[in-house]
Amino acid sequence: MSNCSCENPLVPQIVEVIKIVEETPDVKTFYVQKDNGVPFDVMPGQLAMVSLLPTGEGMFSVSWQEDDHLQFAIKRVGVMTDELHTIDVGQRLGVRGPYGNGFPVEKCKGRDMLFIGGGIGLAPLRSFIKYCFKHREDYGKITIIYGSRSYDDLCFKEELFEKWPQEKDTQVYVTIDNAEEKWDGHVGYVPAYLEELNPDPQNTIAVTCGPPIMIKFVLQALEKMRFSDEQVITTLEMRMKCGIGKCGRCNIGSEYICLDGPVFDLAQLRKLPPEW
Amino acid sequence: MKFFKKGQIEKIVERLAEKADVFVPMLRGQQSGFFSWKSYDENYDDIIFDLLNVYSPPKNIILPQTEKMYSFDQQGQETIIKPEEIPVEPKVIFGIRSCDVKAIEYMDEVFLTRTFVDEYYKARRDQVAIVANACYNPGTNCFCKSMGVDHLNPEAADVILREVENGYVWESKTDKGDILTKQVEDLLEDQEVELYQPNRFVRKVNYDGVAEKLKDLFDHPMWERYSDPCQTCGICTYMCPTCYCFDVQVKNWGDEGYRFRCWDSCMYREYTLMAGGHNPREAAKERFRNRFLHKLQFFNERYGTPLCTGCGRCIVTCPAGVDIIRMIELIKEAEPSV
């Protein structure tokens, strides 16, 4: 059910941008706050509609919630996000939500977690990864496999290289597509790296998010490693306007990604028409 | 039975218009639709209670073609958002046919149920009373009965009018209907009249099993073939009484402006075009298929009924001759390819 607290779910609340982190040349994380708190509570994997009021609205996954702010990691890909990348701290934005089902954090309790991300796809995964660390005793071994085109394109570098590897019982594997001078780590695509690492499916839930082509090959690799469809979770993207399952466009089959998704397990996805 | 003579109908509308904005089927120039009685001009408009479906369905009365949602003024830290106040004037849709009444029922399901309530829709819908005109003489492209619509007893109607010899029977069905009845009571006579026997439907189609069968036809070559004449002009979606998809857009002058929604169409490429250029329904075939699957399968899976009330408007208005009745027949004939 909806935990949308607002009277009219289509009208945004005003938030202030309190911090902007430049993650990569085309990804920035925006920290937003309302009255020293959050406009609403979100669960990992849920979405919110962010608006630059005179320009446009866009649906983004909330990449983390702290007590006093929400974080959105946003890639510059179009009119609205281009504009968003030019704003400064202090700017007011509109935000409405939360929308969507979010990750099944309860169902995953007691399991080993395998996170597989590519590019900006780490943004939604990050909310679940950080949730696991916050509730560390509830989850088993945590493995993170992440890749980007280049070193510069890796998001959340400080967490990837410094914070997360320090967490208890956690392995972080990072790869980039092509060799570079300043990189002495693994080189190659994420699905190939996943096969090389060959994680054990026993009691494990795999959560993947990234470009469609990466997801396609990651799903094939997981199947080869004998992960069952129920053990594999991903998030889907579609164009969205309302966020509340009314405006029509984000359907795949009879499911609305904004309301019934964006998180699905592979068993659910296989029942949908192949439009994802 | 409550009855009034045909000649009284304008008086009845006039009376209802004292307390509500009454929308009446009219022929205005080349266009027929539901227009406000307040705008009626006897030199220019013809009231057409006898005509079956007017060209434009009355969905705009509850879901306006464009509708302001909120305005904003962004002056640095003094950013203000002001939700639009929705007019609360009562409205009556007078003379609406069963297919269009059913379409409002479907929209009620979409906008008022399933986790979220659409406040804009609700505010307008709450104020609307429906005075339906039962159909005893279906038209050449009418097939509502095939789509599960009771053309003689529209369920969501507050009042049902039944055309009889020389007049109409007035039948109140709800509390809202009783209020309207009180308003016009002195214009109604108590009289036993004989109801007409309804005429047969010219066009029929058997929808049974179509939703289930479509599950295996997603990749069928039929979509390529039958979408070929489609111009993706979207007239079918604009004229459809059940099509409710909307877009959200912004109008601004500098830092001030407003956000509004407007009817959108799944037939347009931009409908699913994402920032960055990816489009899951890029080809006309994919959009055509999604429209029919939404109407005949997906909506059924979610809401338990097809999203078509058999009004026939898309058949009449399509410039390429796409005919939903024929599509249903073709779906029934198709052999699943794999």
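See the structure shown above.
Residues numbered from 1 in each chain as written. Chains lettered and ligands numbered in written order. Predicted model: local features only at pLDDT ≥ 70, side-chain atom pairs only at ≥ 80, totals over all residues. Heavy atoms only, no water.

### Notes on the overall build of chain B
For chain B, the count of helices and strands is 10 helices and 13 strands. Radius of gyration (C-alpha) of chain B: 22 Å, near the 20 Å computed for a compact globule of 338 residues. Structurally, chain B occupies a C-alpha span of about 65 × 65 × 40 Å along its principal axes. Across the 338 residues of chain B, 55% fall into the buried class. Roughly 15,300 Å² of accessible area belongs to chain B as shown, and the carbon and sulfur atoms make up 47% of that amount. Counting 43 positive and 54 negative side-chain charges, chain B places the averaged centre of each group 3 Å from the other. (Helix = DSSP H or I, 4+ residues; strand = E, 2+ residues; numbered from the N terminus. Rg over C-alpha atoms; globule rule 2.2 N^0.38 Å. Buried < 20%, exposed > 50% of the residue type's maximum accessible area, 1.4 Å probe, protein only. Areas by Shrake-Rupley, 256 points an atom, 1.4 Å probe, with all protein chains shown as cover. Lys, Arg positive; Asp, Glu negative; His and termini not counted. Charge placed at Lys NZ, Arg CZ, Asp CG, Glu CD.)

### As for the interface of chain A and chain B
Taken together, the contact between chain A and chain B spans 42 residues of the former and 50 residues of the latter. With both sides pooled, the region where chain A packs onto chain B buries about 3,900 Å², and carbon together with sulfur makes up 58% of that total. The interface formed by chain A and chain B contains four salt bridges. Where Arg302 of chain B meets Asp260 of chain A, a salt bridge forms, and the shortest distance between an N and an O atom there is 2.8 Å. Run the count over chain A and chain B and you get 23 residue pairs in polar contact (both at pLDDT 80 or more). If you list the elements that add at least two residues to the side of chain A that touches chain B, you get strand 3 (47-52), strand 4 (56-61), strand 7 (92-99) and strand 15 (255-256) of chain A. Its residues assigned to classes, the side of chain A that touches chain B shows 20 nonpolar, 11 polar and 11 charged. (Contact = heavy atoms within 4.5 Å. Buried area = accessible area lost by both parts, 1.4 Å probe. Salt bridge = Lys/Arg side-chain N within 4 Å of Asp/Glu carboxyl O. Polar contact = N/O pair within 3.5 Å; in protein donor to acceptor, adjacent residues only side chain to side chain. Nonpolar A, V, L, I, M, F, W, Y, C, P; charged D, E, K, R; others polar.)

### What to know about the sheet that holds strand 12 (residues 246-253) of chain B
Residues and elements named next belong to chain B. Spatial strand order, 6-5-13-12: four strands in an open sheet with antiparallel pairing. The open sheet has two free edges, formed respectively by strand 6 (80-83) and strand 12, since each of these has just one partner strand. Averaged over all pairs of adjacent strands, the angle between their axes in this sheet comes to 25°, without regard to strand direction. By the bridge criterion, four bridges tie strand 5 (residues 66-73) to strand 6 in an arrangement that is antiparallel. By the bridge assignment, Ser71 is partnered in strand 6 with Lys82. Each of strand 5 and strand 13 (256-263) touches helix 3 (residues 119-126); the most contacted strand, strand 5, lies at about 125° to it. (Pairing = 2+ DSSP bridges. Axes fitted to C-alpha atoms, helices over the stretch in contact; angles between N-to-C directions.)

### Things to note about the pairing of strand 12 (residues 204-209) of chain A
Look at any regular strand and the pattern is simple: side chains alternate between the two faces of the sheet. All names here are of chain A. Counted residue by residue, strand 12 has six buried out of six residues, so it is predominantly covered. Neither face of strand 12 is left uncovered, since the one carrying Thr204, Ala206 and Thr208 and the one carrying Ile205, Val207 and Cys209 both have all their residues buried. The sheet contact formed by strand 12 and strand 13 (residues 232-235) spans three bridges and is parallel. Within strand 13, the residue paired with Val207 across the bridge is Ile233. In this fold, strand 12 hands off to helix 5 (residues 212-224), which returns the chain to strand 13; that crossover is right-handed. (Right-handed = clockwise from strand over helix to strand, strands pointing away.)

### Points about the sheet that holds strand 7 of chain A
Residue and element names in this part refer to chain A. Pairing within the open sheet is antiparallel, and its seven strands lie in the order 4-3-7-1-2-6-5. A single partner strand is all that each edge strand has here, and the edge strands are strand 4 and strand 5 (64-66). Geometrically, the sheet is characterised by an average inter-axis angle of 35° between neighbouring strands, direction not taken into account. Pairing geometry for strand 3 and strand 4, over six bridges, is antiparallel. When the sheet's bridge partners are listed, Ser51 is paired in strand 4 with Glu57. Against the sheet, helix 2 (residues 122-134) touches strand 4, strand 5 and strand 6 (69-75), its axis set at about 45° to strand 5.

### Some details on the layout of surface pockets
To locate leftover empty space, one rolls a probe as large as a water molecule over the atoms. The space that makes up the second largest pocket amounts to roughly 350 Å³. Lys271, Leu272 and Pro273 of chain A together with Lys215 and Gln297 of chain B are, among the 21 residues lining the second largest pocket, the residues nearest its centre. For the lining of the second largest pocket, the secondary structure elements donating two or more residues are helix 6 (266-270) of chain A together with helix 8 (284-303) of chain B. With four residues, the top contributor of residues to the lining of the second largest pocket is helix 8 of chain B. Across the lining of the second largest pocket, the residue classes break down as 10 nonpolar, five polar and six charged. (1 Å grid on protein atoms, 1.4 Å probe; cavity = no way out; pocket = protein on both sides within 12 Å on 5 of 7 lines; lining within 4 Å. Points joined across faces, edges and corners; volume = space filled by probe spheres on them.)

### Structural notes on empty space enclosed by the protein
Residues and elements named next belong to chain B. Under the definition given, this model contains nine cavities of 30 Å³ or more. Computed from the structure, the largest cavity encloses a volume of approximately 180 Å³. Lining of the largest cavity is provided by 18 residues; of these, Cys230, Cys236, Arg291, Cys318 and Val322 occupy positions nearest its centre. Counting residues per element, the lining of the largest cavity draws most heavily on helix 8, which supplies three residues. Of the residues belonging to the lining of the largest cavity, the class tally is 13 nonpolar, three polar and two charged. For the second largest cavity, the calculated volume is near 130 Å³. Residue lining of the second largest cavity: 17 residues in total, with Cys243, Cys245, Cys266, Tyr271 and His294 positioned closest to the centre. Residue contributions to the lining of the second largest cavity peak at four residues, all from helix 8. Counted by class, the lining of the second largest cavity contains seven nonpolar, seven polar and three charged residues.

### Some words on a negative patch on the surface
All names here are of chain B. A surface patch of like charges, here negative, comprises Glu10, Glu14, Glu18, Asp41 and Glu42. Along the chain, Glu18 falls in the loop between helix 1 (9-16) and strand 2 (21-28). With a relative accessible area of 61%, Glu18 lands in the exposed category. (Patch = residues over 30% accessible without salt bridge, like charges linked within 9 Å, V, L, I, M, F, W, Y side chains within 5 Å.)

### Looking at unusual backbone geometry
In the segment running from Gly97 of chain A into Pro98 of chain A, the intervening peptide bond is cis, with an omega of -5°. Relative to the assigned elements, Pro98 of chain A resides in strand 7. Cis geometry marks the peptide bond from Gly261 of chain A to Pro262 of chain A; its omega dihedral reads 5°. Mapped onto the secondary structure, Pro262 of chain A falls in the loop between strand 15 and strand 16 (263-265). Despite not being glycine, Thr115 of chain B shows a phi value in the positive range, around 75°. Inspection of the secondary structure assignment puts Thr115 of chain B in the loop between helix 2 (98-112) and helix 3.

Read these as layout, nothing more, since geometry by itself doesn't imply function.
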